[in-house]
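# Inside the fold
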Amino acid sequence: VQLQASGGGSVQAGGSLRLSCARSGRTFSSYTVMGWFRQAPGKEREFVAAIRWSSGGRYYADSVKGRFTISRDNAKDTVYLQMNSLKSEDTAVYYCAADPQLYSGTSSAYRYAYWGQGTLVTVSS
């Protein structure tokens, strides 16, 4: 399985960015979950958002609720993270992740088997 993340960049506070993560390789099950995590310099990797591939159920970290939206395009095997009202504290390397059989614990990084390369998001105030 390969995950290819893109869409990072630099933006001013209050601006928007959309990240994409295209999945290729193994066909996943109905329990597939894809998620986004981020890691700021000197900090632990933290959960941002996740989506269940079959049902579309979504999960968000409290810090991004109301500002970020995760979505998926089944035909393109791609998950998106629309980030609005960006803040300087959103600055981080963002990683997409996937697991074919994730029943619970969608916010736990160790539960995800596959990871993409990171894409840097820089928000300047």
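Description of the structure in this document. (Residues numbered from 1 in each chain as written. Predicted model: local features only at pLDDT ≥ 70, side-chain atom pairs only at ≥ 80, totals over all residues. Heavy atoms only, no water.)

### Points about the overall build of the protein chain
For clarity, the cut-off: Secondary structure elements follow DSSP: runs of H or I of four or more residues count as helices, runs of E of two or more count as strands, with numbering from the N terminus. The globule rule used for comparison is 2.2 Å times the number of residues to the exponent 0.38, while the radius of gyration itself is calculated over C-alpha atoms. Partly exposed residues are those whose accessible area sits between 20% and 50% of the maximum for their type, while under 20% is buried and over 50% is exposed, using a 1.4 Å probe and protein chains only. Any two residues whose heavy atoms approach within 4.5 Å are treated as being in contact. For the area figures, the Shrake-Rupley method with a 1.4 Å probe applies, and any residue is considered shielded solely by the protein chains shown. Here the positive residues are Lys and Arg and the negative ones are Asp and Glu; neither His nor the chain ends is included. Where a charge lies is defined by one atom per residue type, namely NZ (Lys), CZ (Arg), CG (Asp) and CD (Glu).
Of the regular secondary structure elements, the protein chain holds 0 helices and 11 strands. The C-alpha radius of gyration computed for the protein chain amounts to 13 Å, which stays within 12% of the reference 14 Å derived for 125 residues, consistent with globular compactness. Principal axes of the C-alpha set define a box for the protein chain whose edges measure 40 × 25 × 25 Å. Sorting the 125 residues of the protein chain into buried and exposed places 42% on the buried side. Across the protein chain, contacts joining residues at least 24 apart in sequence account for 55% of those joining residues at least 6 apart. A total of about 6,200 Å² of accessible surface is found on the protein chain, and carbon and sulfur atoms cover 45% of it. Side-chain charges in the protein chain split into 14 positive and 8 negative, and the spacing between the mean points of these groups amounts to 4 Å.

### Considering the state of the cysteines
To keep it simple, the criterion reads: For the purposes of this analysis, a disulfide is any pair of cysteine sulfur atoms at a distance within 2.5 Å.
A complete count under the given rule lists 1 disulfide for this structure. Paired by a disulfide, cysteine 21 and cysteine 96 hold their sulfur atoms 2.1 Å apart. On the S-S bond that ties cysteine 21 to cysteine 96, the torsion sits near 55 degrees, and the link is right-handed. Of this pair, cysteine 21 sits in strand β3 (residues 17-24) while cysteine 96 sits in strand β9 (residues 92-99), placing them 75 residues apart in sequence. Overall, cysteine 21 belongs to the buried group, its relative accessible area being 0%.

### Quick word on the side chain of threonine 32
Along the chain, the position of threonine 32 falls in the loop between β3 and β4 (33-39). When near neighbours in sequence (up to four residues on either side) are disregarded, threonine 32 contacts Arg23, Ile51, Arg52, Trp53, Asp99 and Pro100.

### Remarks on the packing of aromatic side chains
Defined as follows: Here is the rule: rings of Phe, Tyr and Trp (six-membered ring for Trp) pair when centre to centre is within 6.5 Å. Planes less than 30 degrees apart are stacked, more than 60 are edge-to-face, and the remainder are tilted.
Per the stated rule, a full pass over the model turns up 5 aromatic pairs. On the numbers, 5.2 Å between centres and 80 degrees between planes, the contact of phenylalanine 37 with tyrosine 112 is edge-to-face. With phenylalanine 37 in strand β4 and tyrosine 112 in the loop between β9 and β10 (114-115), this pair connects stretches of sequence that are 75 residues apart. By the burial criterion, phenylalanine 37 is buried, and tyrosine 112 matches it. Among the aromatic residues, those joined into a ring-pair cluster are Phe37, Phe47, Tyr112 and Trp115.

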